Amino acid sequence: MSKICVIGTGYVGLVTGACFADFGHQVTCVDSNPERLDQLRRLHMPFYEPGMEELVAKNVRQGRLSFTGDLGRAVRETDFVFIAVGTPQGRSGATDLGFVFTVAKQIAPHLTGYKVIVQKSTVPPGTGRKLAELVRQHLKRGSKARFDVVSNPEFLREGAAVDTFMHTDRIVIGADSQKALKAVAGLYRPLYLIETPMVLTNLETSELIKYAANNALATKISFINEMSRVCEAIGPHVDVNVVAKAVGLDKRIGSKFLHAGPGFGGSCFPKDCASLLHFSKQFGAPTPLTGAVMKVNRDQRRFVYDKILAGLGSPRGKTVALLGLAFKPNTDDLRESVGMDFGRWLLRAGIKVKAYDPIAMPGAQQELPGLTYCPDAYTAARGADVLVVVTEWNQFRELDLGKLKRIMRRPAIVDCRNIYDPRTVREIGFRYQGVGRGEA
Ligand code: UGA
């Protein structure tokens, strides 16, 4: 059992803290926001994530997980200091490291003995080394404290965060010091008991791995989205789902992240692509492929949006039903969300939008009050001229299409995630448009 403090209770911090506590470690989560702390102490999660509330509650109850605003004390009393604060995208596309460096300065005066500082949130190569320098500069005068900085990127996916932390495909740990590498590897003992592969490397390699991984996934998505446009151009009988299935059966390619749609969103892929594009240029090795992936992604959003407009004719007096506002199912995260962009663009075009999302509506209402929020998918669809399925929630897969046809003004579906069988939907009498599946 080790003593860990995790600074930052955002997505990465809270999931890391709760999962480490569940491994049996003693974890203190630190946040500077008193409201957030208060909320967490009352076991109210700051975001929706399946299984999180139960995991946090269980570990708090069993005395392994606590929350504090006292960073100094938390640092003094632990062996491992995880930094999991936000690394937002700056204006130039570069990662804004302000929060990380502020925390480094705050940690330094409280270091005693030997501690391992672990950088968990995604940061460009070279950051760990800068962080170490900053901490060194801010140690107490005459301090005998020793520390190592370790990079340990997180690969969890929102909406399946606990599961992807506990059953990750690999653990990546980077450091100059063998002692620190071993110590951090030891924290993951329960995972290497289930033979989770571990990549132990140096700081910069570890930092780059996270960007390389996210960019590889984003590239797969943009690749299949590009193919979806080729499919449509060839003719209405060509289906990108079949292409993706056959291509993905090649084990060298793999079938995951090969689903055509309206492009990727969320807090990670767009930001990490922009960051790689920026820092690779600074290192003198530009990554034009990343630039192309981002462009295809931007264009794809418009390409799918135009399908909505194309089916509507004149926008005057028209109503669109929008299903799915968060950037993907099982999360209430609205960052870089396609649904929110569609909502904004439709309103701007003078079209009425009736929207439904199983969990993201409170946040969406604040951000975009102009939409008409509905208690369920059918209420949203009633009287609409087109139904747009933006995210692939299971409950959207199961909609009663016959009922929808009866209550809509015009039976038309834009299936942004290709979740329906085009023939079935058309047989019921809908005008159906998927992505890369023709118009026939
Ligand atoms: C992503 C990565 O999958 C995680 O491995 C990584 O740890 C995380 O970023 C991060 O850097 O923190 P996340 O953004 O939570 O996770 O969500 P994903 O499930 O990867 O989806 C990202 C976007 O890609 C979504 O908009 C999704 O709809 C889209 N997507 C995904 C597709 O359009 N097609 C696909 O085949 C897969």
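One can find the structure itself at the top, above this paragraph.
Residues numbered from 1 in each chain as written. Predicted model: local features only at pLDDT ≥ 70, side-chain atom pairs only at ≥ 80, totals over all residues. Heavy atoms only, no water.

Peer 1: Got a sec to walk through the overall build of the protein chain? Specific residues and values, please.
Peer 2: When its secondary structure is counted, the protein chain shows 19 helices and 14 strands. In summary, the protein chain has a C-alpha radius of gyration of 24 Å against a globular reference of 22 Å for 440 residues, a match within 12%. The principal-axis extents of the C-alpha atoms in the protein chain amount to approximately 75 × 45 × 40 Å. When the 440 residues of the protein chain are sorted by exposure, 54% land in the buried category. Residue pairs in contact within the protein chain that sit at least 24 positions apart in sequence constitute 73% of those at least 6 positions apart. Within the structure as shown, the protein chain displays about 19600 Å² of accessible surface, and the carbon and sulfur contribution to it stands at 54%. Here the protein chain contributes 59 positively and 43 negatively charged side chains, and the mean placements of these two sets differ by 2 Å. (Helix = DSSP H or I, 4+ residues; strand = E, 2+ residues; numbered from the N terminus. Rg over C-alpha atoms; globule rule 2.2 N^0.38 Å. Buried < 20%, exposed > 50% of the residue type's maximum accessible area, 1.4 Å probe, protein only. Contact = heavy atoms within 4.5 Å. Areas by Shrake-Rupley, 256 points an atom, 1.4 Å probe, with all protein chains shown as cover. Lys, Arg positive; Asp, Glu negative; His and termini not counted. Charge placed at Lys NZ, Arg CZ, Asp CG, Glu CD.)

Peer 1: Give me the lowdown on the site of the ligand, citing residues and values where you can.
Peer 2: Surrounding the ligand, one finds 19 residues, the nearest of these being L156, E158, K210, N214 and K328. The separation between an oxygen atom of the ligand and a polar main-chain atom of E154 is 3.4 Å. Taking K210, its side chain carries an N or O atom lying 2.7 Å from an oxygen atom of the ligand. Out of a free accessible area of 710 Å², the ligand has 93% covered by protein chains. Counting residues per element, the ones that place at least two in the shell around the ligand are α10 (203-234) and α12 (269-282). If you tally residues by element for the shell around the ligand, the top one is α10, at three residues. Partitioning the shell around the ligand into residue classes produces nine nonpolar, three polar and seven charged. (Near = heavy atom within 4 Å. Polar contact = N/O pair within 3.5 Å; in protein donor to acceptor, adjacent residues only side chain to side chain. Nonpolar A, V, L, I, M, F, W, Y, C, P; charged D, E, K, R; others polar.)

Peer 1: Can you lay out the nonpolar core for me, pointing to particular residues and giving the numbers?
Peer 2: L322, L325, F342 and V388 are the most contacted members of the largest nonpolar core, which totals 60 residues. Top contributing element to this core by residue count: helix α14 (residues 338-348), with five residues. Among residues more than four places away in sequence, those in contact with L322 are G339, F342, G343, L346, V353, K354, A355, Y356, V388 and V390. Of all hydrophobic cores here, the second largest spans 42 residues; its members include A84, V162, A180 and L191. (Core = buried A, V, L, I, M, F, W, Y, C linked by side-chain atoms within 4.5 Å.)

Peer 1: Go over the sheet that holds strand β13 (residues 412-415), please, and point to the residues and values.
Peer 2: One key point about sheets: their strands pair by backbone hydrogen bonds, in either a parallel or an antiparallel sense. The six strands are arranged β11-β10-β9-β12-β13-β14 in an open sheet whose pairing can be described as parallel. The open sheet has two edge strands, β11 (372-373) and β14 (431-433), and neither has a second partner. Across five bridges, strand β9 (residues 319-323) lies against strand β10 (residues 352-356) in parallel orientation. Looking across to β10, one finds that L323 is bridged to Y356. Relative to the sheet, α14 contacts β9, β10 and β12 (386-389), its axis offset from that of β9 by approximately 170 degrees. (Pairing = 2+ DSSP bridges. Axes fitted to C-alpha atoms, helices over the stretch in contact; angles between N-to-C directions.)

Peer 1: Just give me the short version of helix α3 (residues 52-61), but keep the residues and values in it.
Peer 2: Spacing of three or four residues puts side chains on the same side of an α-helix, whose turn is 3.6 residues. Considered for burial, the residues of α3 that qualify are M52, L55, V56, A57 and N59. Close packing links the buried residues of α3 with α1 (11-23), β3 (65-68) and α7 (161-166). G63 lies just past α3 and shows a positive phi near 80 degrees.

Peer 1: How would you sum up the packing of aromatic side chains? Please name residues and give values.
Peer 2: What the rule picks out here adds up to 15 aromatic pairs. With 6.2 Å between their ring centres and 70 degrees between their planes, F257 and F269 make a pair best called edge-to-face. In this pair, F257 is assigned in the loop between α11 (240-248) and α12 and F269 in helix α12, connecting sequence segments 12 residues apart. Relative to W345, the ring of F342 has its centre 6.0 Å away and its plane inclined at 45 degrees; by these criteria the two rings are tilted. With F342 and W345 both in helix α14, this residue pair falls three residues apart, about one helical turn. A single burial state applies to F342 and to W345, both of which are buried. (Phe/Tyr/Trp six-rings, centres within 6.5 Å; stacked < 30°, edge-to-face > 60°.)

Peer 1: Provide a residue-level description of the environment of K328, including the pertinent values.
Peer 2: Here K328 is to be found in the loop between β9 and α14. Distance in space between the C-alpha atoms of K328 and G266 is 7.8 Å, their sequence separation being 62 residues. The contacts of K328, once residues within four sequence positions are left out, are R157, E158 and T391. Looking at K328, its side chain comes within polar contact range of the main-chain oxygen of E158, at 2.5 Å.

Peer 1: Any chance you could break down the pairing of β12 for me, citing the residues and the numbers?
Peer 2: Because side chains alternate across β12, one face comprises the buried residues V386 and V388, and the other comprises L387 and V389, equally buried. Judged from the four bridges that link them, β9 and β12 form a sheet pairing that is parallel. Among the inter-strand pairings, V320 is bridged to a residue of β12, identified as V386. Judged from the three bridges that link them, β12 and β13 form a sheet pairing that is parallel. Bridging from a neighbouring strand, L387 pairs with I413 of β13.

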